[in-house]
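Observations on the three-dimensional arrangement
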Amino acid sequence: MTELSDFKTLGFIGLGAMGKPMVIHLANKLPPESRIFVFDVVEAVVDEVCSQFPDRVSKGSSAKNVAEQVETIITMVPEGAHVRSVYLDPQNGVCSTDISNKLLIDCSTIDTATSLAVKDHIAVNFPSASFYDSPVSGGVVGAIKGTIAFFLGCAESDPNVKRLTYLASLMGKQIIPCGGPSLGLAAKLSNNYLSGIIAIACSEAMDMGMRSGLDPRTLAKVYAAGTAQNTICDKFCPVPHVFPEAPSSGGYKQGFKVQLMRKDFGLAVDMAERVGSKNVLGDAGLQTYDGASKDPRCRDLDSRVVYRYLGGDEDWQAKLNGA
Ligand code: NAD
């Protein structure tokens, strides 16, 4: 059984688009005696979360300062360089204080090499501490709703899996142990590679069908009934107004930013190269997301904006209605 008392003191570092709603779930759901210490380089967001939970959440002055006060730490920062700095900075990093016996969970989507380097550093210097990669999927909306999925970098038999699962279940729904260290990240990158490629393929397939005279809603029904059925088309259709709740239907405003897809896609292509996996679509996908993330018509928008980037018609309804 997981003891709730395991989480009497918890640290959370990185209160951005994902981290802030995640820590709010923890503050709302952990047992009343639990205290949370938070740190972000942007002080305003730390102050905001602390003032929302004055009796529960306290401000840390650095990653090290947070580590000094807690037993468990979750980190949620943008890239490998930030994870390195949060853990390994000699003055202010988590590992610059004694972290023996502590549980450390990095939820950032970063390269597997950096994650393994941090894990190795901790294993050598603090053998009783435990570090896990645990990237998430489900986006900002999922983080707010508490429905994100966690991909744990450990085996199902890992001694900490119950504690990790309990903690993750306060912030999300599905928790999948992926087999061992860095495999949560490998799973996440593999997933985003596939999802990114499907979005491009769906945009191109829709575009060729529409240019041939088809209504995209008919095309979506055909894919759903046939062998091309996929979640991107069903729920995140890159063509606006096919699925009303898709980010495209709201001007691509809510969703997974195209720059983040560019980052994850690049990490996936690097991983593929490192492990000797041949991928003929990698270069084309990377070029597409790189171009879209630099294009002012697409930057900061949901990654399915590749449909716009590739020249897809967003005004198809007006033309169908004869306008
Ligand atoms: P974000 O940029 O909104 O937030 C990151 C936060 O980390 C910022 O508040 C930043 O100030 C803070 N930070 C950076 N360096 C720091 C440091 N050294 N010490 C303390 N704080 C530091 O990013 P996000 O959207 O929350 O994404 C975080 C991670 O989650 C990324 O790796 C991203 O790829 C991944 N992710 C994002 C989404 C999404 O939809 N946004 C979905 C799944 C996974």
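Residues numbered from 1 in each chain as written. Predicted model: local features only at pLDDT ≥ 70, side-chain atom pairs only at ≥ 80, totals over all residues. Heavy atoms only, no water.

Considerations on the UniProt feature "domain: 6-phosphogluconate dehydrogenase NADP-binding" (unreviewed entry) in the protein
Here is the rule: UniProt positions are given in the numbering used here, feature names are shortened, and annotations may be inferred rather than shown by experiment. Secondary structure elements are defined from DSSP: runs of H or I of at least 4 residues count as helices, runs of E of at least 2 residues count as strands, and each element is numbered from the N terminus.
Cross-referencing UniProt, the feature "domain: 6-phosphogluconate dehydrogenase NADP-binding" (unreviewed entry) maps to residues 10-178 in the present numbering. Along residues 10-178 the backbone is 40% helical and 22% strand, and the end-to-end C-alpha distance reaches 24 Å.

A word on the environment of Leu116
Here is the rule we go by: Note on contacts: a residue pair is in contact if any heavy atoms of the two residues lie within 4.5 Å.
Its place among the elements puts Leu116 in helix H5 (residues 112-125). The contact partners of Leu116, leaving out residues within four places of it in the chain, are Pro181 and Ser182.

Some thoughts on the site of the ligand
For the record, the criterion: Proximity criterion: a residue is near a molecule or strand once any of its heavy atoms comes within 4 Å of it. Contacts described as polar in this section are N or O atom pairs within 3.5 Å, which, within protein, must combine one atom able to donate a hydrogen with one able to accept it, while residues neighboring in sequence count only if both atoms come from side chains. Reported accessibility uses the Shrake-Rupley method at a 1.4 Å probe radius. Residues are deemed covered only where the shown protein chains occlude them. Residue type decides the class: Asp, Glu, Lys and Arg count as charged, Ala, Val, Leu, Ile, Met, Phe, Trp, Tyr, Cys and Pro as nonpolar, and the leftover types, Gly among them, as polar. An automatic or database domain assignment supplies the residue ranges for each domain.
Taken together, 25 residues lie around the ligand, and Ala17, Met18, Asp40, Pro78 and Lys263 are the ones closest in. Here an oxygen atom of the ligand and a backbone polar atom of Val77 are 3.2 Å apart. A distance of 2.8 Å separates an oxygen atom of the ligand from a polar side-chain atom of Lys263. When isolated, the ligand has an accessible area of 830 Å², and the protein chains bury 86% of it. Taken together, the elements giving at least two residues each to the shell around the ligand come down to helix H4 (80-88), helix H6 (139-145) and helix H11 (258-274). Counting residues per element, the shell around the ligand draws most heavily on H4, at three residues. Residue composition of the shell around the ligand, grouped by class: 15 nonpolar, seven polar and three charged. Both of domain 1 (4-180) and domain 2 (186-320) provide at least three residues apiece to the shell around the ligand.

Re the UniProt feature "domain: 3-hydroxyisobutyrate dehydrogenase-like NAD-binding" (unreviewed entry) in the protein
The residues that UniProt annotates with the feature "domain: 3-hydroxyisobutyrate dehydrogenase-like NAD-binding" (unreviewed entry) are residues 184-307. Along residues 184-307 one finds 60% helix and 0% strand; the C-alpha atoms at either end are 29 Å apart.

Looking at the sheet that holds strand S6 (residues 130-133)
Quick reminder of the rule: Here a strand pair is declared whenever DSSP counts at least two bridges between the two strands. Here an angle of 0 to 180 degrees is reported between the N-to-C directions of two axes, which are lines fitted to C-alpha atoms, with helices fitted over the stretch in contact.
Spatially, six strands are ordered S3-S2-S1-S4-S5-S6 in an open sheet, and the strand pairing comes out parallel. The open sheet terminates on both sides in strands that have one partner only, identified here as strand S3 (57-59) and S6. Geometrically, the sheet is characterised by an average inter-axis angle of 20 degrees between neighbouring strands, direction not taken into account. The sheet contact formed by strand S4 (residues 72-75) and strand S5 (residues 103-106) spans four bridges and is parallel.

Comments concerning the packing of helix H8 (residues 183-211) against helix H9 (residues 216-225)
Formally: Angles are sorted into four bins: roughly parallel if under 35 degrees, roughly antiparallel if over 145, roughly perpendicular if 65 to 115, and oblique for all others. Throughout, a crossing is termed right-handed when the near helix is turned clockwise from the far one, and left-handed when it is turned anticlockwise from it by less than a right angle.
Packing of H8 against H9 leaves a shortest axis separation of 9 Å and a crossing angle of 130 degrees. When the interaxial angle is binned, H8 and H9 end up oblique. Helix-helix and strand crossings are classified by hand; for H8 and H9 the assignment is right-handed. Contact residues: H8 offers Ala205, Met206, Gly209 and Met210, while H9 offers Pro216, Leu219, Ala220 and Tyr223. Here the contact of H8 with H9 is built from residues that sort into seven nonpolar, one polar and no charged.

Section: the state of the cysteines
The criterion, for reference: Cysteine sulfur atoms that come within 2.5 Å of each other are treated as a disulfide pair.
Counted by the stated rule, this structure contains zero disulfides. No disulfide involves Cys50; its sulfur sits 19 Å from that of Cys107, the nearest cysteine. For the unlinked cysteine Cys107, the closest cysteine sulfur is that of Cys154, found at 12 Å.

Concerning the pairing of strand S8 (residues 148-152)
The criterion, for reference: Each residue is assigned to one of three classes by its accessible area relative to the maximum for its type, calculated with a 1.4 Å probe on protein chains only: buried under 20%, partly exposed between the two thresholds, exposed over 50%. When the strands point away from the viewer, a crossover counts as right-handed if the path from the first strand over the helix to the second runs clockwise.
The buried fraction of S8 is high, at five of five residues. Side-chain alternation along S8 places Ile148, Phe150 and Leu152 on one buried face and Ala149 and Phe151 on a second face that is also buried. Where S8 lies against strand S9 (residues 172-177), four bridges are found, and the strand directions are parallel. Its bridge partner lying in S9, Phe151 is registered against Ile176. Taken together, S8, helix H7 (residues 161-169) and S9 form a β-α-β motif whose crossover is right-handed.

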